[in-house]
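Tertiary structure, described
Spelled out from the first residue to the last, the chains are:
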Amino acid sequence: MRVSLIEPNWPRHPRVRACMTTRAGGTSRGPYASLNLATHVGDEPAAVLENRRRLRGELDLIAEPGWLSQVHGIDVIRLAEPGPDTVPIADAAWTDQTGLACVILTADCVPVLLADDEGTCVAAAHAGWRGLAAGVLENTVGHLPVSPRRLSAWLGPSIGPDAFEVGQDVFDAFVDVEPDAAAAFVPGRDGRHLCDLHELARRRLSSAGVSRVESSAMQCTLRDATSFFSHRRDGTCGRMATLVWLA
C-alpha cells in the first residue's frame, strides 16, 4: 500500500508544497499501525525508519525532513541545512531554503502551515492547547522574514470541537487573556467545556496579523480511527506528519 496523503486545500504559490499523512501506508503494527512517523512513542525503531523512508520517497524529497522533538512549547527553529545529527527541541520550524521540509507530528493537536505569497518562506507549527495559549503561532509568525499580511495559513485535521473536552484550567488560559475567546468553548459535562482548537488557532493567527486561514475542521482525528491516530482516543498510538517545503 502506498503512503496515504492529504493535500491541503490552500491557495499558495506554486513553489510551496505541502501535505499531511494519514495512518495508512506504513509497516508499523499494533497501536502504531501502520504509518507511524514518531520515534518517541514506543514503536519499533526499524518500522519508523522504514515509514520515514517511504514518506521521503513518495514526496521525492532531496533531504530528510527537519524532524523535531516537540514539547508543547513555543520555540521556533530555522532550517538552513539538511537534518542535524541531534534532533532540536522545538514546536515549530521555518525555512527559506529550497528542498528542506519543515515537519511536525500530531495525533490530535492542530498542525499549522504558513507560507508567504511570493513563495520565499514556509513554516510548520505544532498547536495543541498549551502551545496555543503560550503563543507558539505568534512566535512562529514573528520569526518569518516577511510581513504577516503576506502570509496565508492552513490548519490541518485535529480533534474536533465536539470531541475535545477540557477543564476550567484550559478555558481560563485563553479567556483570562482574551475574553472573546470564550466563543471557542461550549459547556460540557460536569462543569467542563468542549473546546474548538481551530477557532483558537484562527484567533491567535489573527492577533499575529495573519487573516487568510484555511481550515480542515470537518476532519476529526478522534472520530475517524481509520484515517488518523488519536492520543485522546487511544492513549498509546502513532503520529501523523504534516510537511511544507519550497520546491
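Here, the structure is the one placed above.
For the structure given in this document, a descriptive report is provided here. Just so you know, these numbers come straight off a predicted model, no measurement behind them. (Residues numbered from 1 in each chain as written. Predicted model: local features only at pLDDT ≥ 70, side-chain atom pairs only at ≥ 80, totals over all residues. Heavy atoms only, no water.)

**Notes on the overall build of the protein chain**
On a plain count of helices and strands, the protein chain comes out with six helices and 13 strands. Relative to the 2.2 N^0.38 estimate, which gives 18 Å for 247 residues, the radius of gyration of the protein chain is 17 Å and therefore close to what a compact globule would have. Judged by the C-alpha coordinates and their principal axes, the protein chain covers about 45 × 45 × 30 Å. When the 247 residues of the protein chain are sorted by exposure, 53% land in the buried category. Across the protein chain, every contact between residues at least 6 apart in sequence was considered, and the portion connecting residues at least 24 apart equals 63%. On the protein chain, roughly 10,800 Å² of surface is accessible, and the fraction owed to carbon and sulfur atoms is 50%. (Helix = DSSP H or I, 4+ residues; strand = E, 2+ residues; numbered from the N terminus. Rg over C-alpha atoms; globule rule 2.2 N^0.38 Å. Buried < 20%, exposed > 50% of the residue type's maximum accessible area, 1.4 Å probe, protein only. Contact = heavy atoms within 4.5 Å. Areas by Shrake-Rupley, 256 points an atom, 1.4 Å probe, with all protein chains shown as cover.)

**Some points on the sheet that holds strand β5 (residues 102-106)**
The sheet built from four strands is open, its strands ordered β1-β2-β13-β5 with antiparallel pairing. On the outer flanks of this sheet lie β1 (5-6) and β5, each paired with one strand and no other. Here helix α1 (residues 45-59) sits on the sheet in contact with β1, β2 (16-21) and β13 (240-246), set at roughly 35° to β13. (Pairing = 2+ DSSP bridges. Axes fitted to C-alpha atoms, helices over the stretch in contact; angles between N-to-C directions.)

**Examining the pairing of β5**
The buried fraction of β5 is high, at five of five residues. Residues Cys102, Ile104 and Thr106 point to one face of β5 and Val103 and Leu105 to the other, with burial holding for every one of them. Alignment of β5 against β13, held across five bridges, turns out to be antiparallel. Looking across to β13, one finds that Val103 is bridged to Leu243.

**Notes on the side chain of Asn51**
Along the polypeptide, Asn51 turns up in helix α1. A polar atom in the side chain of Asn51 sits 2.8 Å from the backbone nitrogen of Thr27. The contact partners of Asn51, leaving out residues within four places of it in the chain, are Gly26, Thr27, Ser28, Ser34, Leu35, Asn36 and Leu37. (Polar contact = N/O pair within 3.5 Å; in protein donor to acceptor, adjacent residues only side chain to side chain.)

**Looking at the nonpolar core**
Leu137, Phe185, Leu197, Leu200 and Leu205 are the most contacted members of the largest nonpolar core, which has 41 residues in total. If you list the elements that add at least two residues to this core, you get β4 (92-95), β6 (110-116), β7 (122-127), α2 (129-134), α3 (136-143), β8 (151-155), α4 (168-175) and α5 (197-207). Leave out the neighbours within four places in its chain, and Phe185 touches Val166, Val170, Phe171, Phe174, Val175, His193, Leu194, Cys195 and Leu200. Counting 26 residues, the second-largest nonpolar core is a separate cluster that includes Trp10, Leu113, Trp154 and Met240. (Core = buried A, V, L, I, M, F, W, Y, C linked by side-chain atoms within 4.5 Å.)

**A few points about the packing of α3 against α5**
Axis separation between α3 and α5 bottoms out at 8 Å; the angle between their running directions is 40°. When the axes of α3 and α5 are compared, the crossing they make is right-handed. Along its contact with α3, which presents Leu137, Glu138 and Val141, the element α5 presents Ala201, Arg204, Leu205 and Ser207. A class-by-class count of the residues in the contact of α3 with α5 yields four nonpolar, one polar and two charged. (Left-handed = near helix turned anticlockwise from the far one by under 90°. Nonpolar A, V, L, I, M, F, W, Y, C, P; charged D, E, K, R; others polar.)

**A look at the packing of aromatic side chains**
The tally for this structure, following the rule as stated, stands at two aromatic pairs. Centroid distance Phe171 to Phe185: 5.1 Å. Interplanar angle 70°. Geometry classified as edge-to-face. Here the residue Phe171 occupies a position in helix α4, and Phe185 occupies one in strand β10 (residues 185-187), the gap between them amounting to 14 residues. Across the pair, Phe185 and Phe171 agree in class, each one buried. Pairwise contacts between aromatic rings join Phe171, Phe174 and Phe185 into one cluster. (Phe/Tyr/Trp six-rings, centres within 6.5 Å; stacked < 30°, edge-to-face > 60°.)

**Describing the state of the cysteines**
Scanning the model with the defined rule gives zero disulfides in all. Here Cys109 is not cross-linked by a disulfide; its sulfur's nearest cysteine counterpart is in Cys237, at 11 Å. Cys195 takes part in no disulfide bond, and the closest cysteine sulfur to it belongs to Cys109, at a distance of 11 Å. You can call Cys195 buried: its relative accessible area is 0%. (Disulfide = S-S within 2.5 Å.)

**Considering the pairing of β2**
Most of β2 is tucked away: five of the six residues are buried. Here β1 runs beside β2; their pairing, made up of two bridges, is antiparallel. Residue pairing across strands places Leu5 opposite Thr21, the latter belonging to β2. Across five bridges, β2 lies against β13 in antiparallel orientation. In the sheet register, Met20 faces β13, and the bridge partner there is Thr242.

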